[in-house]
Amino acid sequence: MTAPLASPDPGPKAELHFYLQSAREALLWKLEGLSEYDARRPLTPTGTNLLGLVKHAATTELGYLGDTFDRPSGEPLPWVAEDAEPNADMWATADQSRADVIGLYHRAWAHADATLDALPLDTIGTVPWWPDHDNKVTLHHAVVRIISDTHRHAGHADILRELLDGTTGMQPTNPGLPATAPAWWEAHHARLEQAARDADGRDA
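Residues numbered from 1 in each chain as written. Predicted model: local features only at pLDDT ≥ 70, side-chain atom pairs only at ≥ 80, totals over all residues. Heavy atoms only, no water.

### Some words on the side chain of D149
- Within the secondary structure layout, D149 lies in helix α5 (residues 139-165).
- Buried charge without a salt bridge: D149, with R152 as the nearest opposite-charge side chain at an N-O distance of 4.8 Å.
- Excluding its chain neighbours within four sequence positions, the residues that come into contact with D149 are H56 and T60. (Helix = DSSP H or I, 4+ residues; strand = E, 2+ residues; numbered from the N terminus. Buried < 20%, exposed > 50% of the residue type's maximum accessible area, 1.4 Å probe, protein only. Lys, Arg positive; Asp, Glu negative; His and termini not counted. Salt bridge = Lys/Arg side-chain N within 4 Å of Asp/Glu carboxyl O. Contact = heavy atoms within 4.5 Å.)

Laid out in structure tokens, this is it:
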């Protein structure tokens, strides 16, 4: 098994940043080597796609680790305006290049990291899109929320990429799976399929 990742610095801010950055990089890596079509095309009935996940992650960081703490980035985000169509932050239009979306994500990292560096973790912020009676969060809470959300979407991206070309893992050097031959995985898949069918037959 691959050794678990760990921050070399035990300080709370450093640990939070370490796990946030590992999720960011895992998500972005899933785009590498793909055609423009595969990077964008919907792979689930609800339209989940790799470039859209990156666009969403960038938007979320700019909101929770920018606007929430009165540190607006100045980035134009028309897909989250009041008159935007639903889910507009989850896909890239044909005129939004991959470089545009990735560039936005890198700028979101820098802006969010600057917030984390500048403010104590117990700083209270106001989430603009939450109800007025329940819209206060600490910076610590906001960072943990972003870490959780980014890792969740990195997991989505992991599955999407595996469906596209079989690539798995969190990093190029960490596939996250036993190093076995393709034939073993085919047999493993068949075994699981048969187990599912057998269990379903018992419940019938």
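### Description of the environment of A108
- Secondary-structure assignment places A108 in helix α4 (residues 98-118).
- Between the alpha carbons of A108 and P86 there is a distance of 22 Å; along the sequence they are 22 residues apart.
- Residues within four places of A108 in sequence aside, it is in contact with A58, E61 and L62.

### Focus: the pattern of salt bridges
- Taken as a whole and judged by the stated rule, the model has nine salt bridges.
- A salt bridge links E36 to R40; the nearest nitrogen and oxygen atoms lie 2.9 Å apart. Taken as a pair, E36 and R40 lie in helix α2 (residues 36-40) at a separation of four residues, close to a single helical turn.
- Using a relative accessible area of 38% as the deciding quantity, one classes E36 as partly exposed.

### Here we look at the side chain of R24
- Its location among the elements puts R24 in helix α1 (residues 12-29).
- Judged by relative accessible area, which is 0%, R24 ranks as buried.
- In this structure the side chain of R24 is engaged in a polar contact, spanning 2.8 Å, whose partner is the side chain of E61. (Polar contact = N/O pair within 3.5 Å; in protein donor to acceptor, adjacent residues only side chain to side chain.)

### Quick word on α5
- In this model, α5 (27 residues) spans 38 Å end to end at C-alpha, consistent with the 39 Å of a helix rising 1.5 Å per residue.
- Directly beyond the C-terminal end of α5, a positive phi value near 85 degrees is found at G166. (Expected span 1.5 Å × (residues − 1).)

### Some points on the packing of aromatic side chains
- Enumeration according to the criterion identifies five aromatic pairs in this entry.
- Judged by centre distance (4.7 Å) and plane angle (90 degrees), the ring pair of W184 and W185 falls under edge-to-face.
- One aromatic cluster is present, built from ring pairs that chain together Y64, W129 and W130.
- Its end group placed over the ring of W79, K55 keeps NZ or CZ at 4.3 Å from the ring centre. (Phe/Tyr/Trp six-rings, centres within 6.5 Å; stacked < 30°, edge-to-face > 60°. Lys NZ or Arg CZ within 6 Å of the ring centre and 35° of its normal.)

### Quick notes on α1
- With 18 residues, α1 extends 26 Å between its outermost C-alpha atoms, agreeing within 8% with the 26 Å of an ideal straight helix rising 1.5 Å per residue.
- On its buried face, α1 sits against α3 (50-64), α4 and α5.

### What to know about unusual backbone geometry
- Its identity is not glycine, yet D70 carries a phi of approximately 55 degrees, on the positive side.
- Relative to the helices and strands, D70 resides in the loop between α3 and α4.
- Under the relative-accessibility criterion, D70 is labelled exposed at 68%.
- Even without being glycine, N87 reaches a positive phi, approximately 70 degrees.

### Remarks on the nonpolar core
- With 27 residues, the main nonpolar core has L27, L31, L50, V54 and Y105 as its most contacted residues.
- Mapped by element, the contributors of at least two residues to this core are α1, α3, α4 and α5.
- By residue number, the principal contributor to this core is α3, which donates seven residues.
- Contact partners of L50, with chain neighbours within four places excluded, come to K30, L31, L34, D38, A39, A157, L160 and L164.
- By size, the runner-up hydrophobic cluster in this structure holds 17 residues, among which are A112, V127, V137 and V143. (Core = buried A, V, L, I, M, F, W, Y, C linked by side-chain atoms within 4.5 Å.)

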